[in-house]
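# Fold and geometry: a report
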Amino acid sequence: ESTMRIHSIGLCPLLAMLALTVADAPTVLAQGTTAITYAPDGRLQFPKDYRNWVYLSSGMNMSYAADAATRSNRFENVFVNPEAQSAFLKTGKWPDKTIFVLEIRAAEQNGSINKNGFFQAAVGNREAHVKDSRLKGGWGFFAFEGEAPTRLIPQTADCYSCHEAHGAADTTFVQFYPTLLPLAAEKKTLSAGYLADEAAAKSGTHP
């Protein structure tokens, strides 16, 4: 499952990683000023400057999993590379070499002068959702441990099928990005799966 919104949210399980089958790795795939970089063994390099990218949205305690109530409070922040955002604003679709980063941060209370609610604290897991035409299906998920390069999450994982079935636009969870959902509707790029989910939710028949 995924927010990424990327994927995640309830993170896709950190399954045994598969090697990324990219014929000419190592390689840098660049569009504008942002580069998607793979190590010689196909692992995705951590995009260290992602917090300078476009901020899309934050969620709190979002999950598609039944065990969500057992998890600690957390925030999920989503960023996308600027060139991809610019293209989406024009077309309602994500261009090749789009990269999202989902950043999970602890939600804390009673810090400093705060008396109510939650604030964001230490960063935990981070994931990337990459649109790369050389990947099977054109998209790949990667889960980082710290800032070390990481391998592709196996494409049999639930996050792939969940995004394909329920992503509002171009297999991504634009339904959770309030600045982009109206634009996708205007560009008529909302997916049939998302529209069916919305109709079911409004009729009370959503599972």
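Please refer to the structure higher up on the page.
First, a word on scope: everything that follows refers to the structure included in this document. (Residues numbered from 1 in each chain as written. Predicted model: local features only at pLDDT ≥ 70, side-chain atom pairs only at ≥ 80, totals over all residues. Heavy atoms only, no water.)

## Things to note about the sheet that holds strand 3 (residues 54–60)
We apply this condition: Any two strands with at least two DSSP bridges between them are considered paired. Strands are runs of DSSP state E lasting at least two residues, helices are runs of H or I lasting at least four, and both sets are numbered from the N terminus onward. All axes here are fitted lines through C-alpha atoms, helices being fitted over the stretch that makes contact, and every angle between N-to-C directions spans 0 to 180 degrees. In this analysis, two residues are considered to be in contact whenever any of their non-hydrogen atoms come within 4.5 Å of each other.
Read across the sheet, 5 strands follow the order 3-4-5-6-7 without closing on themselves; strand pairing throughout is antiparallel. Each edge of the open sheet carries a strand with a single partner, namely strand 3 and strand 7 (139–144). Within this sheet the neighbouring strands show an average axis-to-axis angle of 25°, counted without direction. Pairing analysis gives 6 bridges linking strand 3 to strand 4 (residues 74–80), with the strands arranged antiparallel. Across the sheet, residue M60 finds its bridge partner in strand 4, namely F75. On top of the sheet, helix 2 (residues 158–166) reaches strand 6 (119–131) and strand 7; it is set at about 130° to strand 7, its chief contact.

## Considering the environment of V130
Rule in force here: Burial classes: relative accessible area under 20% of the type maximum marks a residue as buried, over 50% as exposed, and values in between as partly exposed (1.4 Å probe, protein chains only).
Among the secondary structure elements, V130 is positioned in strand 6. With relative accessibility at 0%, the residue V130 sits in the buried group. Considering only alpha carbons, one finds V130 and L44, 86 residues apart in sequence, at a separation of 9.6 Å. Excluding residues within four positions of it along the chain, V130 makes contact with I36, Y38, L44, T98, I99, L135, G138, W139, G140 and F142.

## Observations concerning the nonpolar core
Counted only if it meets this: We call a set of buried Ala, Val, Leu, Ile, Met, Phe, Trp, Tyr and Cys residues a nonpolar core when their side-chain atoms join them within 4.5 Å.
Judged by nonpolar contacts, the single largest core of 20 residues is most densely connected at L44, A128, V130, F142, I153 and Y160. Listing elements by their share of this core, those giving two or more residues are strand 2 (34–38), strand 5 (99–108), strand 6, strand 7 and helix 2. Among the elements that line this core, the one with the most residues is strand 7, at 4 residues.

## Looking at the environment of G59
Along the polypeptide, G59 turns up in strand 3. Classification of G59 by relative accessible area gives buried; the value is 7%. Between the C-alpha atom of G59 and that of V78, which follows or precedes it by 19 residues, the distance is 8.8 Å.

## A closer look at the packing of aromatic side chains
To be explicit about the condition: Between 30 and 60 degrees the pair is tilted, below 30 it is stacked and above 60 it is edge-to-face, where a pair is any two Phe, Tyr or Trp rings, Trp via its six-membered ring, whose centres lie within 6.5 Å.
On inspection of all chains with the given rule, the structure shows 10 aromatic pairs. Taking the centre distance of 5.4 Å and the plane angle of 70° together, the rings of Y50 and F79 count as edge-to-face. Here Y50, found in the loop between strand 2 and strand 3, pairs with F79, found in strand 4; they are 29 residues apart in sequence, far enough to count as distant. The two residues Y50 and F79 agree in class, both being buried. Between the aromatic rings of F141 and Y160, the centroid separation amounts to 5.0 Å while the plane-to-plane angle is 80°, which identifies the pairing as edge-to-face. On the criterion of sequence distance, the pair formed by F141 in strand 7 and Y160 in helix 2 is long-range, its members being 19 residues apart. We classify Y160 as buried; its relative accessible area is 7%. Through a chain of ring-to-ring contacts, the aromatic side chains of F46, Y50, Y55, F79 and F144 assemble into a single cluster.

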